[in-house]
Amino acid sequence: MPQKMDADIKTPSPLQIGGKRDLAAYESWRENVLVGASSQIPVNWVEISDHLNLTTDERGAIRSSCSARNFALYRTRSDVTPAGLAAMARQLGLVQFDRPPLAGTDGISRIAASETDHEANFIPFSNKALTWHTDGYYATGPESVQSFVLHCVCRATTGGENALLDPRIAYIRLRQDDPEHIEALMRQDALTIPAHIANGREIRPAVTGPVFSVRANGHLHTRYTARKRHVVWAEDRLIDRARDALAEILRDDPGITRHVFAAGEGIICNNILHDRTAFEDQDASGSNRILYRARFRDRVLDT
Ligand SMILES: [Fe+2]
């Protein structure tokens, strides 16, 4: 049974469907998103000289990119340790760590193809493809993952490409196609992630909530996974239609950015939609793909 409902929803909002719609406010929001997305094609990279001491210009460039498209891509000159990544994030207002099961005690996950059976059961810790998702779709309300930072320490020999899409673009396309898609995906019972049970013990209860919601801060929040297993969608024709339409958008929308992160490169984002292709590492003597990932319950400051 669902155990959690999302109470942290702002009403009314121009992003909601039904009732007295504020279409002018929606049009203005939509225009702002579309202008922001098109103003930076191709996506600008923020060059960071010292991630431990971001300059005003570097911080400004990260913020403006996150405002425009909900993510910023960066390159660092210096090596980044997990502690260094946390220190960089802190300068962007990211301090409240979400701590998924395989994160280190420092809150940072080392994403690599794992040798151990336990970790390899989690697809991120394998070399398999990851379908489209936002991070932390098992959480709702104040525990929602609002942002994440992914930093590449070493890329794979082949594969490991990420696709990235601002969820606001997906929302706009869906609403353009049919506002009923949005209405369906905003249903409180749209998407349930069943309880995580290991060795007969409940690690995490079942979580039910919407795909799209509007946070108390007025921002659109997206909770989505395209995976087929361990996911229960509300049985409803409108939800099925909306899911199909979203899958179609995620196949080849022109707003999607694709990139294979190289060593020293990374992304800071307000938990956007993303996927990952499968990858192959070198043999045991070579260096393997590894990324550091930190998830937060804060948005990037001032974005
Ligand atoms: Fe992810």
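What you see is a predicted model, and the numbers here were worked out from it, not measured in a lab.

Chemist: Before we go on, may I ask you to explain the overall build of the protein chain in this structure?
Modeler: Counting secondary structure elements, the protein chain contains seven helices and 20 strands. Taken against the 2.2 N^0.38 rule, which gives 19 Å for 303 residues, the C-alpha radius of gyration of the protein chain at 19 Å falls within 12% of a compact globule. Judged by the C-alpha coordinates and their principal axes, the protein chain covers about 60 × 50 × 35 Å. Counting over 303 residues, the protein chain shows a buried share of 36%. Expressed as a percentage of contacts within the protein chain between residues at least 6 apart in sequence, the contacts between residues at least 24 apart total 79%.

Chemist: What exactly am I supposed to notice about the sheet that holds strand β15 (residues 232–233) here?
Modeler: Sheet strands line up and pair through hydrogen bonds in the backbone, either parallel or antiparallel. Taken in spatial order, the three strands of this open sheet run β12-β9-β15, and their pairing is antiparallel. In the strand order of this sheet, the two ends are held by β12 (207–209) and β15, each with one partner. In this sheet, β12 lies alongside strand β9 (residues 191–193) in antiparallel orientation, the contact comprising three bridges. Note on β12: the bridge partner recorded for T192 is T208.

Chemist: Can you walk me through helix α3 (residues 82–90) in this structure?
Modeler: Along an α-helix, residues three or four apart share an orientation, since each turn contains 3.6 residues. Listing the buried residues of α3 in full gives L85, M88 and A89. Down the axis of α3, the buried side of the element spans an arc of 100 degrees, and every buried residue falls inside it. Residues of α3 that are exposed and point more than 90 degrees away from the buried face comprise A83 and R90. Buried residues in α3 make contact with β4 (108–111), β6 (147–154) and β20 (290–296).

Chemist: Would you mind going over the sheet that holds strand β18 (residues 273–276) with me for this structure?
Modeler: One open sheet accounts for four strands, arranged β5-β18-β8-β16; its pairing is antiparallel. Pairing within the sheet leaves two strands with one partner each, and these edge strands are β5 (130–133) and β16 (257–259). Within this sheet the neighbouring strands show an average axis-to-axis angle of 15 degrees, counted without direction. As defined by bridge partners, β5 adjoins β18 across two bridges and the pair is classed as antiparallel. Pairing of H133 across the sheet is with H274, part of β18.

Chemist: What's the story with the pairing of β6 in this structure? I'm lost.
Modeler: The side chains of a regular strand alternate, first on one face of the sheet and then on the other. Of all the eight residues making up β6, seven are buried; the element is thus mostly covered by neighbouring parts of the structure. Relative to β20, β6 runs antiparallel, the two being bridged by seven bridges. Paired with L150 across the bridge in β20 is R293. Where β6 lies against strand β17 (residues 265–269), four bridges are found, and the strand directions are antiparallel. From the neighbouring strand, V149 faces β17, where its bridge partner is I268.

Chemist: Sorry, what's going on with the packing of helix α1 (residues 23–38) against helix α5 (residues 167–177) here?
Modeler: Each pair of packed helices can be described by the angle between their axes along with the distance between the axes. Running from amino to carboxyl end, α1 crosses α5 at an angle of 125 degrees, the nearest separation of the two axes being 10 Å. Taken together, α1 and α5 sit at an angle that is classed as oblique. As α1 packs across α5, the resulting crossing turns out to be left-handed. Where α1 abuts α5, its residues R30, V33 and A37 lie against R168, I169 and I172.

Cut-offs used in this document
- Residues numbered from 1 in each chain as written.
- Predicted model: local features only at pLDDT ≥ 70, side-chain atom pairs only at ≥ 80, totals over all residues.
- Helix = DSSP H or I, 4+ residues; strand = E, 2+ residues; numbered from the N terminus.
- Rg over C-alpha atoms; globule rule 2.2 N^0.38 Å.
- Buried ≥ 20, exposed ≤ 12 C-beta atoms within 10 Å, placed from the backbone.
- Contact = placed C-beta atoms within 7 Å.
- Pairing = 2+ DSSP bridges.
- Arc of directions from axis to C-beta.
- Axes fitted to C-alpha atoms, helices over the stretch in contact; angles between N-to-C directions.
- Parallel < 35°, antiparallel > 145°, perpendicular 65-115°, else oblique.
- Left-handed = near helix turned anticlockwise from the far one by under 90°.

So far we have only geometry, and geometry alone does not tell us how the molecule works.
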